[in-house]
Amino acid sequence: MADVSIRNVTKRFGDTTAVSDLSIDIADGEFIVLLGPTGAGKTTTLRLIAGLEAPDAGRLSIAGRDVTKAPPAARDVAFVFQQYSLYPHLSVYDNLAFPLRSPIRPMAKAAIDAKVRTIAAMLKIEDKLANKATKLSGGQMQRVAIGRALVRDPAIYLMDEPLSSLDAKLRADLRLELKRIQAELGATILYVTHDQTEAMTMASRIGVIDRGRLVQIGTPREIYENPFNAYVAQRLGQPAINLVDAGLFPDLAIPQRTATLGLRTEHVAIARVGGAARGEGRGLVRRVEHLGDQNHIHVELDGTPLVLLADADSDIGAGDRVDVRPERPLFFDREGARL
Amino acid sequence: MAAGISTAHSVVEPSPLVRRIAGAVVILYALITIVPLIWIGLTSLKSPPDSISYPPKILFEPTLEGYCNLFTTRSRQTAEYLQGLPAASGRCEEIARQRSMVVVGASNFVPRFWNSVIIAFGSTFCAVTLGTLAAYGFSRFKVPLKDDLLFFILSTRMMPPIAVAIPIFLMYRELGLSDTKLGMILLYTSVNVSLAVWLLKGFIDEIPREYEEAAMIDGYSRLQAFVKVVLPQATTGIAATAIFCLIFAWNEYAFAVLLTSGTAQTAPPFIPIIIGEGGQDWPAVAAATTLFLIPIVAFTILLRKHLLRGITFGAVRK
């Protein structure tokens, strides 16, 4: 394990700039999640670090060693791909042993065997070792793929949406497991995803990436509570933050130049007309989504739709008139920058 | 579905009627293809008069005369001379005596057959090896003028081979490659390599690059990744390509007639000129043809498993 540093890295494919002037320092033992939509340059960033792509500008160093021009094999990284993860012609055992049998890191047969069995046990796939890689379920395949990275002890593990093709239940299980394993091994991981839940639950720091640029990096709490701009605020929160015109709540004290208000669903008080709270606006409840532990209330306020959060036992229903009062609004200027 | 009992029939599955028609078509095609082969096999077991009798004989007394004539050379002798000889030793000698002949030596069939084996398998090996490497290069690297080069490679197959026969004949004569096994291997390799490149490029394109990338990150060089990851997954394509190349090289006639006459002559130009007593020795020709078919059938059966196999069994989730 070691520090990884990415300095002002740029990568272009023809006319499109996939990664633009990106800098991140990853400390030993950190679990960094790069969060961004499809096409934001997350995967390209991983491929640059792995050496599968060469940067057009910038420098990469791993453990203090400049690896900008080094071939993938010499970089001491492990990669978990989103798909095509297992060698179809090999058994599970051989898939796991494959990285250990590489000619640049000669290792004794017994040591390889011990390592493969330890990792298989950790991932609960010991009984599948003799299987063909293709005779596994999706979840098992992905465990093996992660295992193939974990058998090594590289400077950094690079993971490209390794859980994205799994069903929700399995994804939640593996998420926890991955976090546990990371803590257990003290591994340094750079993990790429568009799933905010994965980012929030696993990351020690989240880097929000947009069109090849790193917009903000910080702990999940920092990113959530203190977003740098409206884009970052929109990336986190389920349902997404409400971005409304600054004039929607005339009574609210707002800083100058505020163009947009950001209202997290849970940062808005809602009360039926006739209740205790006095409202600035008068809203009409269009629809209520009952999720069991909470309700999402879709309110229309002077023609602006808002999604708000209410307790599971709230008795607000469609057609009710409600008062809506922002509690901890975020202020953004015309360009979306935070005020 | 009757009484709501599902028999798990997919709508994309062919109906029983379609299945029966398809089966009938396949059987018909198989019969059309196989009847000439059976006829050749039968003819190889006939005596020369039976082989040319009209109407053709379906039932006949089988004899090994065709095979004996194929493997031996014989000479006609006078009745007095034959009577003075000791009793015939061996089946072929016996058959020859009945035709007032004696066996005087082995024919050229065995060496010609070996030439075919060496040239066909040698050129197939070269074509598939070169084809695999070239196809990998075209599939994975940025080759300048890639599309033009690929078209050029394909275009070598567009003219009939006989169109270049005379230039090649002259070149070979100058280079001393006429009637040599090396010359024939080179020629068949160069013809087959274009087919091999195109076929294999398709197969290698299908193998996701992620496998090699994974291997390279895991500490393997590109060549090692190629050997350990690409080749095993390309076996199906390599097997299919090898069969096509082998069939071409094995059956090739025009260049073989033109460029080989003696030491390097292959079986195809040799077989039609097997002359017996009083003209073409059809049973011997049929016997040679039957034996000539065996290696290719064996090779195809050997690789059949790979031909039928899907390339990655759906291991990749697309």
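Criteria and cut-off values
Residues numbered from 1 in each chain as written. Chains lettered and ligands numbered in written order. Predicted model: local features only at pLDDT ≥ 70, side-chain atom pairs only at ≥ 80, totals over all residues. Helix = DSSP H or I, 4+ residues; strand = E, 2+ residues; numbered from the N terminus. Rg over C-alpha atoms; globule rule 2.2 N^0.38 Å. Buried ≥ 20, exposed ≤ 12 C-beta atoms within 10 Å, placed from the backbone. Contact = placed C-beta atoms within 7 Å. UniProt positions renumbered as here; feature names shortened; annotations may be inferred. Nonpolar A, V, L, I, M, F, W, Y, C, P; charged D, E, K, R; others polar. Pairing = 2+ DSSP bridges. pLDDT = per-residue confidence, 0-100. Axes fitted to C-alpha atoms, helices over the stretch in contact; angles between N-to-C directions. Core = buried A, V, L, I, M, F, W, Y, C linked by C-beta atoms within 7 Å. Domains from an automatic or database assignment. Parallel < 35°, antiparallel > 145°, perpendicular 65-115°, else oblique. Left-handed = near helix turned anticlockwise from the far one by under 90°.

Comments concerning the overall build of chain B
Secondary structure summary: chain B contains 14 helices and four strands in total. Whereas a compact globule of 318 residues would reach a radius of gyration of roughly 20 Å, chain B reaches 26 Å, over 25% beyond that. Principal axes of the C-alpha set define a box for chain B whose edges measure 85 × 75 × 35 Å. Burial statistics for chain B: of 318 residues in total, 32% are counted as buried. For chain B, the proportion of contacts with a sequence separation of at least 24, taken over those separated by at least 6, is 76%.

Overview of the overall build of chain A
Per the secondary structure count, chain A includes eight helices and 18 strands. Taken across its 339 residues, chain A has 41% of its residues classed as buried. Long-range pairs, those at least 24 residues apart, make up 65% of the contacts in chain A between residues at least 6 apart in sequence.

Brief notes about the UniProt feature "transmembrane region" (unreviewed entry) in chain B
Residues and elements named next belong to chain B. Residues annotated in UniProt with the feature "transmembrane region" (unreviewed entry) correspond here to residues 21-42, 113-137, 149-172, 184-204, 225-250 and 282-303. The straight-line gap between the two end C-alpha atoms of residues 149-172 is 26 Å; of that span, 62% is helix and 0% is strand. Annotation note: span residues 225-250, helix share 100%, strand share 0%, distance between end C-alpha atoms 33 Å.

Side note on the interface of chain B and chain A
Where interface size is given, it is often the accessible area lost as the parts come together that is meant. On the chain A side, the residues contacting the 20 residues of chain B number 23 residues. The set of elements that each furnish at least two residues to the side of chain B that touches chain A consists of helix H10 (210-217) and helix H11 (222-251) of chain B. The biggest single contributor to the side of chain B that touches chain A is H10(B), with six residues. Looking at the side of chain B that touches chain A, its residues break down into 11 nonpolar, five polar and four charged.

Some words on the pairing of strand S3 (residues 31-35) of chain A
Residue and element names in this part refer to chain A. With five of five residues buried, S3 lies mostly within the body of the structure. Every second residue of S3 is oriented toward a common face, with Phe31, Val33 and Leu35 on one face and Ile32 and Leu34 on the other, all of them buried. Note: S3 against strand S9 (residues 205-210), four bridges, orientation parallel. Across the sheet, residue isoleucine 32 finds its bridge partner in S9, namely arginine 205.

Focus: the environment of Leu301(A)
Along the chain, the position of Leu301(A) falls in strand S15 (residues 294-301). As for Leu301(A) and Arg12(A), which are separated by 289 residues in sequence, their C-alpha atoms are 44 Å apart.

A closer look at the confidence of the model for chain A
Averaged over all residues, the pLDDT of chain A is 87; the fraction at 70 or higher stands at 96%. Throughout residues 276-280 of chain A the model reports pLDDT below 50, and contacts reaching past four residues in sequence, or to other chains, amount to 13 contacts.

Quick look at the sheet that holds S3(A)
Residue and element names in this part refer to chain A. Spatial strand order, S6-S7-S8-S3-S9-S10: six strands in an open sheet with mixed pairing. A single partner strand is all that each edge strand has here, and the edge strands are strand S6 (77-80) and strand S10 (213-218). When the angles between neighbouring strand axes are averaged without regard to direction, this sheet yields 20°. Along the sheet face, helix H4 (residues 138-150) touches S6 and strand S7 (156-160) and points at about 175° away from the line of S6.

Structural notes on H10(B)
Residues and elements named next belong to chain B. A large share of H10 lies buried, amounting to seven of its eight residues. By the burial criterion, the buried members of H10 are Tyr211, Glu212, Glu213, Ala214, Ala215, Met216 and Ile217. With its phi angle positive at about 105°, glycine 219 sits one or two positions after the end of H10.

Let's talk about the pairing of strand S4 (residues 57-62) of chain A
Remark: a regular strand shows side chains that alternate across the two faces of the sheet. Residues and elements named next belong to chain A. When strand S1 (residues 4-13) meets S4, the two strands line up antiparallel, connected through five bridges. Considered in S4, the bridge of isoleucine 6 is made with leucine 60. Hairpin connection between S4 and strand S5 (residues 65-66): a loop of two residues separates the two successive antiparallel strands, and alanine 63 in this loop has a positive phi of roughly 55°.

Quick notes on the nonpolar core
If you look at the biggest cluster of nonpolar residues, it comprises 133 residues, and the most contacted ones within it are Ile49(A), Phe79(A), Leu158(A) and Leu190(A). The biggest single contributor to this core is helix H9 (residues 181-206) of chain B, with 12 residues. The residues that make up this core include at least three from each of domain 1 (4-235) and domain 2 (242-332) of chain A. Residues within four places of Ile49(A) in sequence aside, it is in contact with Val4(A), Ile6(A), Leu60(A), Val77(A), Leu158(A) and Leu190(A). Counting residues in each nonpolar core, the second largest holds 17 residues, with Ile95(B), Phe109(B), Ile271(B) and Phe292(B) among its members.

What to know about the packing of helix H6 (residues 109-140) of chain B against H11(B)
Residue and element names in this part refer to chain B. Two elements in contact, H6 and H11, have axes separated by 9 Å at closest approach and are oriented at 140°. Judged by the angle between their axes, H6 and H11 are oblique. For the crossing formed where H6 meets H11, the hand is right-handed. Residues Ser116, Ile119, Ala120, Ser123, Thr124, Ala127, Val128, Gly131, Thr132 and Tyr136 of H6 touch H11, and the partners they reach there are Phe226, Val230, Ile238, Thr241, Ala242, Cys245, Leu246, Ala249 and Trp250.

Re the sheet that holds strand S2 (residues 16-26) of chain A
Residues and elements named next belong to chain A. Taken together, four strands build an open sheet; the order of strands is S2-S1-S4-S5 and the sheet is antiparallel. Strands at the two margins of the open sheet, each flanked by one partner only, are S2 and S5. By the bridge criterion, seven bridges tie S1 to S2 in an arrangement that is antiparallel. Note that in S2 the partner of arginine 12 across the bridge is threonine 17.

Focus: unusual backbone geometry
With omega at -5°, the peptide bond leading from Gln238(A) into Pro239(A) counts as cis. Checked against the element boundaries, Pro239(A) lands in the loop between helix H8 (230-235) and strand S11 (242-245). Cis geometry marks the peptide bond from Tyr54(B) to Pro55(B), where omega comes out at -5°. Mapped onto the elements of the fold, Pro55(B) is located in the loop between helix H2 (48-51) and helix H3 (65-71). In this structure, Ser100(B) takes a positive phi of about 60° despite not being glycine. Classification of Ser100(B) as partly exposed rests on a count of 14 C-beta atoms within 10 Å. For Leu145(B), which is not glycine, the phi dihedral falls at a positive 60°. By the element assignment, Leu145(B) lies in the loop between H6 and helix H7 (146-155). For Leu145(B), a count of 9 C-beta atoms within 10 Å translates into the label exposed.

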